[in-house]
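What follows is each chain in one-letter form.
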Amino acid sequence: MNISYNWLKDYLDFDLTPEETATALTSLGLETGGVEEVETVKGGLEGLVIGEVLTCAGHPGSDHLHITAVNTGKGDPLQIVCGAPNVASGQKVVVAPVGTKLYSGEESFTIKKSKIRGIESFGMICAEDEIGIGTSHAGIIVLPADAEVGTPAREYYNIKSDYILEVDITPNRVDGASHYGVARDLNAYLRRNKHGSALALPSVDKFKIDEPDGAITVRVENTEACPRYAGVTIRGVKVSESPAWLKEKLTVIGQRPINNVVDITNYVLHGLGHPLHAFDAAHITGGEVIVKTLPEGTKFVTLDGVERTLGDKDLMICNDKEGMCIGGVFGGVKSGVTESATDLFLECAYFNPTWIRKTARRHGLNTDASFRFERGCDPNDTIHVLKYAALLIREIAGGKITGEIQDVYPAPVAKPIVKLSYEKVNSLTGKKIDRDTVKSILDSLEMVITEESDDALTIEIPAYRADVLRDVDVIEDILRVYGYNNIEIGESLKTNLSYETPTDKSYDLQDLISEQLTGSGFNEIMNNSLTKESYYAALQVYPASRCVYLLNPLSTDLNVMRQTLIHGGLESIAYNRNRQNPDIRFYEFGNCYYYDADRKAEGETLREYSEEYRLGLWLSGNSIDNSWAVANEKHSVYQLKAYVENIFARLGIPADRYEYIQFSDEIFSAALDIRSKNKGKSLGVLGVVNGKLLKVQNINNEVYFAELRWDALMKEIKKNSITCSEMSKFPAVKRDLALLLDKNTLFSQIEKTAYKAERKLLRDIKLFDVYEGKNLPGDKKSYAVNFVLQDDEKTLNDKQIDAVMQKIQKSLESELGAQLR
């Protein structure tokens, strides 16, 4: 934001240089990126001089050019060829002699000696637009007769230098988005550093009602969106060009002057920080301003000529027939003030920041007004700002203030009350700050101490400080005024021994698993933790009632926190498929968030909220594609299961510590719940994604998804210890069984039963064939299973091997109904 150094001095009397001012503001948290010297007219009219036309004769080679002799007060008169229709002898004019540099926007050119149709010309007699003091090109500037020849134009037009401070306003510091707001902060700095200063808010003592009757009335139908709306009627104004001082104020900060009324509203906006809007009263049919919403789908044409479709959450400023303005955001084609206007209605309101933010984002609009309203203006300075603007209009444009100020403010916004302990100030700042200093800083920030005890203060916060709601916010303000550089670094160093925390271990293992997955051909993705509420609207597994909602969402596509990683991954898959990349291996680490109303407890603000760290894996398309060595092969849920088991193995969770339980739900058409055998808790799920979810993203391939509960996995391995044992010197023995089982029997059940039957010698079980179909009953399937036996102390003999296999076989027959084929 551009801040004028000279404009600051209208509100604050101080003696810092522009560079010192920039340093002070940066120390206060209003970071100033640069200081640039500017002039009210580009180039400062350097080289231009006041001259007098001594003679003016027609050009022999042209019917519109004139040959003039111009006295510039120095040396012989200059011969200048001029094409202006209004040039005449005896005129006082502005002259650009040879060598003068003139500016046209960002470009410049130098006046040179030239021949115009055979006649030499030694300069130029200037029009307004040629030297930047106006826009007219109808003819040359003709000055009053008392203008002194030889006076530099810079001196005649009183051209002044100014300095522009480029202040970066952070989103929470909208109170600094004006010259007065910056001056207010600077005043606190000056008081703290013993500089003389005096902060002065423009007076409105001269405000008075000129005519008691004839006011345009106000009705607010939506007080949630518009907690306060004020306005005043001014009749008999003359809309015209602004005076030079007002145009200079706006031009120097990069604003384009329009007319005196509009320029006043912009001047007050950038001066005091509260947006206003002036309506042509001729368009307020019915003599009443109505603040309300219009039906969804209503068409409305804004000032830029664009027809927009309104939503039912767009607040409108209306007359008795139609909308005139999108409240707090942008005016309509009939709301602007032109030179034909004679009666005005001047608006100054406080709009709900959430409503303004949503409307501005919905319509892709970002205006000076919306920037401030969506961050929170001061609801309590509305009348002062309105009176000040009305006084300026009456002074510059004339007219009479008609009728009482209309002020609808049914529920005044209370000023926040904060209790601040001195102990916490010292603890957070790292320094014991004198109590009188603390109170002095609070006073300079206009924070009122309402109660005081030996160890704490009760403070009333100004309404314009929308970002200060807690004691830590107040302490931050105290520290930035006290000065971060005044917090000394102690001479002693306190430290302790470093050790690995569970968090450190989790991060290390996350890196390890990331490397493993990347080495297996996966790509890591990072999706937004904000997502659509509509994803959860019809789900029972992750119901919408458990969503964490955003208070101020940017859009309905980003209005809740995710409960699962799956939707972000499906969006990424759809994005890649649409760009001819259908073969997917993705993984993502990320938090998921939950709300549980049953956990809510008084005094524990966040008790009902929880978050959980998870690892998601996605497979889709082909695992092998266009290889000369082997045929194409699609991804399968079995590959996904293998990747998950490899992760478990890498983390130190062997297969005998977890089991699979089959299920299906709205997320999966077929899935396995991976449960810890020790604690019975779920460690994650994997399966085939339900077709309904794929249809939402227009994905027509199978997608396989696993979501592992990383926090639960970390607890599972918390007590793991690394042990070493000597490799067995004795050979392992393998035996195969072909088992006929019910179709619904899982291989994991075979594993569980076999390990239960033989714990000492059974080392491994592998499934190497599954058969269903011809020569088997319809409800049966055949498993071919390999068993690995080994004794660490001796070589197994046939008798021992047969006994173990008999024991395993009997257990499979009795518990699973297995039959040998």
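Residues numbered from 1 in each chain as written. Predicted model: local features only at pLDDT ≥ 70, side-chain atom pairs only at ≥ 80, totals over all residues. Heavy atoms only, no water.

Peer 1: Would you mind showing me how to read the overall build of the protein here?
Peer 2: Scanning the protein for helices and strands turns up 20 helices and 43 strands. The C-alpha atoms of the protein give a radius of gyration of 40 Å, which is well past the 28 Å a tight globule of 821 residues would have. The principal-axis extents of the C-alpha atoms in the protein amount to approximately 135 × 80 × 65 Å. Counting only residues that meet the buried cut, the protein has 48% of its 821 residues in that class. Partitioning the contacts of the protein with sequence separation of at least 6, the portion at a separation of at least 24 is 69%. Element-wise, carbon and sulfur atoms account for 48% of the exposed surface of the protein, whose accessible area totals about 41,900 Å². (Helix = DSSP H or I, 4+ residues; strand = E, 2+ residues; numbered from the N terminus. Rg over C-alpha atoms; globule rule 2.2 N^0.38 Å. Buried < 20%, exposed > 50% of the residue type's maximum accessible area, 1.4 Å probe, protein only. Contact = heavy atoms within 4.5 Å. Areas by Shrake-Rupley, 256 points an atom, 1.4 Å probe, with all protein chains shown as cover.)

Peer 1: Just checking my understanding: could you explain helix H5 (residues 179-192) for this structure?
Peer 2: Along an α-helix, residues three or four apart share an orientation, since each turn contains 3.6 residues. The end-to-end C-alpha separation of H5 is 20 Å, in line with the 20 Å expected for 14 residues at 1.5 Å each. For H5, the full list of buried residues reads His-179, Tyr-180, Gly-181, Val-182, Ala-183, Arg-184, Asp-185, Leu-186, Asn-187, Ala-188, Tyr-189 and Leu-190. Immediately downstream of H5, the backbone of Lys-194 shows phi near 60°, a positive value. (Expected span 1.5 Å × (residues − 1).)

Peer 1: What am I meant to see in the sheet that holds strand S13 (residues 161-167) here?
Peer 2: For sheets, the rule is that strands pair by backbone hydrogen bonds, running either parallel or antiparallel. Read from one edge to the other, the open sheet built from three strands follows the order S1-S13-S3, with strand pairing classed as antiparallel. The sheet terminates laterally at strand S1 (2-4) and strand S3 (32-39), the two strands that pair on one side only. Averaged over all neighbouring strand pairs, the angle between strand axes comes to 30°, with direction disregarded. Sheet topology note: the S3/S13 ladder contains six bridges and is antiparallel. Note that in S13 the partner of Glu-36 across the bridge is Ile-164. (Pairing = 2+ DSSP bridges. Axes fitted to C-alpha atoms, helices over the stretch in contact; angles between N-to-C directions.)

Peer 1: Explain the pattern of salt bridges to me, please; I cannot follow it from the model alone.
Peer 2: Side chains bearing opposite charge may pair, as long as their charged atoms lie close to each other. Enumeration according to the criterion identifies 45 salt bridges in this entry. Across the pair Lys-431 and Glu-488 runs a salt bridge, and its minimum N-O distance is 2.9 Å. Within this pair, whereas Lys-431 is found in the loop between helix H11 (422-429) and helix H12 (435-444), its partner Glu-488 is found in the loop between helix H13 (471-482) and helix H14 (502-519), the two being separated by 57 residues in sequence. The salt bridge partner of Lys-743 is Glu-772, with a shortest N-O separation of 3.6 Å. Here Glu-772 lies in the loop between strand S41 (762-771) and strand S42 (780-789) and Lys-743 lies in the loop between strand S40 (733-742) and helix H19 (747-757), a separation of 29 residues in the sequence. Beyond isolated ion pairs, a larger network of salt bridges with shared partners links Arg-173, Asp-175, Asp-185, Arg-465, Asp-467, Asp-477 and Arg-480. (Salt bridge = Lys/Arg side-chain N within 4 Å of Asp/Glu carboxyl O.)

Peer 1: Quick question: what am I supposed to make of the pairing of strand S6 (residues 78-82) here?
Peer 2: When a strand is regular, its side chains alternate between the sheet's two faces. The buried fraction of S6 is high, at four of five residues. With five bridges connecting them, strand S5 (residues 66-71) and S6 associate as antiparallel partners. Along S6, the bridge assignment pairs Val-70 with Leu-78.

Peer 1: Explanation requested: the nonpolar core in the structure shown.
Peer 2: One broad trend across soluble globular proteins is that nonpolar side chains are buried collectively. Grouped together as the largest cluster of nonpolar side chains are 78 residues, with contacts concentrated most on Leu-186, Tyr-267, Val-268, Leu-346, Ile-393, Leu-442 and Val-474. With 10 residues, helix H10 (residues 382-397) is the single largest residue contributor to this core. Excluding residues that lie within four positions of it along the chain, Val-268 makes contacts with Gly-273, His-274, Leu-276, Val-385, Tyr-388, Ala-389 and Leu-392. Membership of the second largest hydrophobic core comes to 33 residues, among which are Tyr-229, Ile-284, Met-324 and Phe-330. (Core = buried A, V, L, I, M, F, W, Y, C linked by side-chain atoms within 4.5 Å.)

Peer 1: Would you take a moment to explain a positive patch on the surface for this structure?
Peer 2: Together, Lys-679, Lys-681, Lys-715, Lys-718 and Lys-719 line one region of the surface with positive charge. Note on placement: Lys-718 falls in the loop between helix H18 (710-716) and S40. On the accessibility criterion, Lys-718 (63% relative accessible area) is exposed. (Patch = residues over 30% accessible without salt bridge, like charges linked within 9 Å, V, L, I, M, F, W, Y side chains within 5 Å. Lys, Arg positive; Asp, Glu negative; His and termini not counted. Charge placed at Lys NZ, Arg CZ, Asp CG, Glu CD.)

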